[in-house]
Amino acid sequence: MIKNIAVIRGDGIGPEIVEQALRVLDRVAELYGHTFNYTDVDMGGCAIDKHGDPLPPSELQKCVESDSVLLGAVGGNKWNDVPATMRPEKGLLRLRAGMGVYSNNRPAKIWPQLADASPLKGEIVERGIDFIIVRELIGGIYFGEHKTENGVATDVLRYSEAEIERIGRIGFETAQKRSRRLCSVEKSNVLDSSRLWKKVMHRLAEEYPDVELSDMLVDNCAMQIVKDPSQFDVIVTENMFGDILSDEASMITGSIGMIPSSSLGATTCGLYEPIHGSAPDIAGQDKANPVGTILSAAMMLRFSFDMKDEADAIERAVSDYLDAGYRTADIMSEGKTLVGCTECGRIIAENIKV
Ligand code: NAD
């Protein structure tokens, strides 16, 4: 198969981690007889420096025309003082909206080899952590009107039934492929948008009788994720709640550097990125963990290119790398072998088998 991948290296550790993911993709291409063509796209701080814009329309166009997009991370202190509309993160919001990717999918799964890196008690971790947060990505308060007038700041939180329905369906369909348990998270005791959310989810539930739907208030959900994460299979929620809960969920799995994500809309052209930021504190030092980006590339193969065997091969290669005792600095523990970003990518690429 021939696939055209738009590659956004971005800022900070972005270029280093993306390089290792491309190395792994190249190895997959070689072993499985595919061709992956890469088109570099400028986004984030580096695009501000080069074009005066965090995502010029021509760069967004390259993403929309690709078969999928692989992103490292954007942002850094250097661009803290640029106007709000020109910040590196604005490039990311415009990319998501421009690609129409309304569903963000983040697995919270603990690797057995890293169980001791979880900040939760052993007895809680032993019950298992393996759930997915499906987050609405291009609606809600992040995309409502923002204004500050006469010392009063306003951010508008707005959802239509259609926006809730399309993300709700992704939640039900994701649950159908797993343990068929879907937890809808909202704040219906306070917010109108949440009451509409709950109503739409229950209407949809009638179309998915094989999925068990439950409701949970977002504040309770934040507690339950640390109290007993094993109760969750799939969580579906709106944009801001999903942003916060998915960071919490990633924390309990041990390392932010290990977790991939996918964002999809109505087509198979998806956006794949690790969940962490550009980590300016370790940029350029060959210390970053590239596994989240490598696993994001695996998700791209699985969800956008229908290459299940190839995705499985990458995930096995990561597991073998951990089994062999290699660790980057962020997950290093006694008795393990410390490796840098480049060496990590090299070993995982070498581990890939047909
Ligand atoms: P961060 O995720 O970049 O870093 C938080 C901590 O985790 C740091 O100590 C960092 O060294 C560590 N870390 C992150 N990824 C790692 C990896 N792969 N390997 C090893 N350690 C890793 O969050 P931050 O420091 O709050 O943000 C830094 C910049 O990134 C900011 O400009 C922020 O706006 C931006 N950001 C970008 C994205 C994105 O591009 N999607 C997401 C979040 C933050």
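Residues numbered from 1 in each chain as written. Predicted model: local features only at pLDDT ≥ 70, side-chain atom pairs only at ≥ 80, totals over all residues. Heavy atoms only, no water.

With mixed pairing, the ten strands of this open sheet are ordered in space as 2-1-3-12-11-4-5-10-8-9. Looking at the sheet topology across the chains shown, the edges are occupied by strand 2 (35-40) and strand 9 (212-217). Along the sheet, successive strands turn relative to each other by an average axial angle of 25 degrees, direction set aside. In the sheet, strand 1 (residues 2-10) pairs with strand 3 (residues 68-73) via five bridges, with the strands oriented parallel. (Pairing = 2+ DSSP bridges. Helix = DSSP H or I, 4+ residues; strand = E, 2+ residues; numbered from the N terminus. Axes fitted to C-alpha atoms, helices over the stretch in contact; angles between N-to-C directions.)

Bringing helix 6 (residues 161-176) into the picture now. In a regular helix each residue adds 1.5 Å, so 16 residues correspond to 22 Å; helix 6 covers 22 Å between its end C-alpha atoms and thus fits that length. Listed as buried for helix 6 are Glu163, Ile164, Ile167, Gly168, Ile170, Gly171, Phe172, Thr174 and Ala175. Close packing links the buried residues of helix 6 with strand 4 (103-109), strand 5 (130-136), strand 8 (181-186), helix 7 (192-205), strand 9 and strand 10 (234-237). (Expected span 1.5 Å × (residues − 1). Buried < 20%, exposed > 50% of the residue type's maximum accessible area, 1.4 Å probe, protein only. Contact = heavy atoms within 4.5 Å.)

The next thing to look at is the state of the cysteines. Across all of its chains, the model carries zero disulfides by this definition. Of the cysteine sulfurs around Cys46, a residue in no disulfide, the closest is that of Cys63, at 12 Å. Assessed through its relative accessible area of 26%, Cys46 is described here as partly exposed. For the unlinked cysteine Cys63, the closest cysteine sulfur is that of Cys269, found at 8.0 Å. (Disulfide = S-S within 2.5 Å.)

The subject of this paragraph is the domain arrangement of the chain. Interface size is commonly expressed as the accessible area that is lost once the parts come together. Partitioning the chain into domains gives domain 1 (1-102 + 281-354) and domain 2 (119-252). Measuring from the centre of the C-alpha atoms in domain 1 to the corresponding centre in domain 2 gives 26 Å. Both faces considered, domain 1 and domain 2 share a buried interface measuring about 710 Å² in area, 72% of it formed by carbon and sulfur atoms. The interface formed by domain 1 and domain 2 includes zero salt bridges. Counting the contacts that link domain 1 with domain 2 gives one residue pair in polar contact (both at pLDDT 80 or more). The class makeup of the residues in the side of domain 1 that touches domain 2 is four nonpolar, one polar and one charged. (Domains from an automatic or database assignment. Buried area = accessible area lost by both parts, 1.4 Å probe. Salt bridge = Lys/Arg side-chain N within 4 Å of Asp/Glu carboxyl O. Polar contact = N/O pair within 3.5 Å; in protein donor to acceptor, adjacent residues only side chain to side chain. Nonpolar A, V, L, I, M, F, W, Y, C, P; charged D, E, K, R; others polar.)

The next point concerns the packing of helix 1 (residues 14-32) against helix 12 (residues 341-351). For the pair helix 1 and helix 12, the least separation of the axes is 9 Å and the interaxial angle reads 15 degrees. By the angle class used here, helix 1 and helix 12 are roughly parallel. Handedness of the helix 1/helix 12 crossing: right-handed. Contacts between helix 1 and helix 12 involve Glu16, Ile17, Gln20, Arg23, Val24 and Arg27 on the former and, on the latter, Cys341, Thr342, Gly345, Arg346, Ile348, Ala349 and Glu350. Split into classes, the residues belonging to the contact of helix 1 with helix 12 amount to five nonpolar, three polar and five charged. (Parallel < 35°, antiparallel > 145°, perpendicular 65-115°, else oblique. Left-handed = near helix turned anticlockwise from the far one by under 90°.)

A word on the site of the ligand. Contacts to the ligand come from 20 residues, most closely from Glu89, Gly277, Ala279, Asp281 and Asn289. Between the ligand and Val74 there is a distance of 2.9 Å, counted from an oxygen atom to a backbone nitrogen or oxygen. Counted by class, the shell around the ligand contains nine nonpolar, seven polar and four charged residues. (Near = heavy atom within 4 Å.)

Here we come to empty space enclosed by the protein. In total, this model carries one cavity of 30 Å³ or more according to the counting rule given. Considered as a void within the structure, the largest cavity measures approximately 50 Å³ in volume. Taken together, Leu157, Tyr159, Val185, Glu186, Leu191, Ser193, Ser194, Trp197, Glu238 and Phe241 form the lining of the largest cavity. Within the residue set of the lining of the largest cavity, elements represented by two or more residues are strand 8 and helix 7. Looking at side-chain class alone, the lining of the largest cavity contains six nonpolar, two polar and two charged residues. (1 Å grid on protein atoms, 1.4 Å probe; cavity = no way out; pocket = protein on both sides within 12 Å on 5 of 7 lines; lining within 4 Å. Points joined across faces, edges and corners; volume = space filled by probe spheres on them.)

Attention shifts here to the layout of surface pockets. Gaps left between atoms are located by rolling a probe of water-molecule size over the structure's atoms. Considered as a void within the structure, the largest pocket measures approximately 940 Å³ in volume. Every residue lining the largest pocket is counted, 31 residues in all, and those nearest its centre are Asn105, Pro107, Ile132, Met299 and Phe303. Elements supplying a minimum of two residues to the lining of the largest pocket: strand 4, strand 5, helix 6, strand 11 (260-264) and helix 10 (291-304). Looking at the lining of the largest pocket, its residues break down into 15 nonpolar, nine polar and seven charged. When residues of the lining of the largest pocket are assigned to domains, at least three fall in each of domain 1 (1-102 + 281-354) and domain 2 (119-252).

Bridge analysis of strand 1 against strand 2 gives six bridges, and the strand direction is parallel. Its bridge partner lying in strand 2, Ala6 is registered against Thr39. In this region the chain leaves strand 1, passes through helix 1 and returns to the parallel neighbour strand 2; the handedness of that crossover is right-handed. (Right-handed = clockwise from strand over helix to strand, strands pointing away.)

Bringing helix 7 into the picture now. Residues separated by three or four positions in an α-helix point in the same direction, a consequence of the helix having 3.6 residues per turn. The terminal C-alpha atoms of helix 7, which comprises 14 residues, lie 20 Å apart, in line with the 20 Å expected from a rise of 1.5 Å per residue. For helix 7, the set of buried residues is Ser193, Ser194, Trp197, Val200, Met201, Leu204 and Ala205. The arc that holds the buried residues of helix 7, viewed along the axis, is 140 degrees, so those residues lie on one side. Among the exposed residues of helix 7, those pointing more than 90 degrees away from its buried face are Asp192 and Lys199. Those residues of helix 7 hidden inside the fold are in contact with helix 6, strand 8, strand 9, strand 10 and helix 9 (239-252). (Arc of directions from axis to C-beta.)

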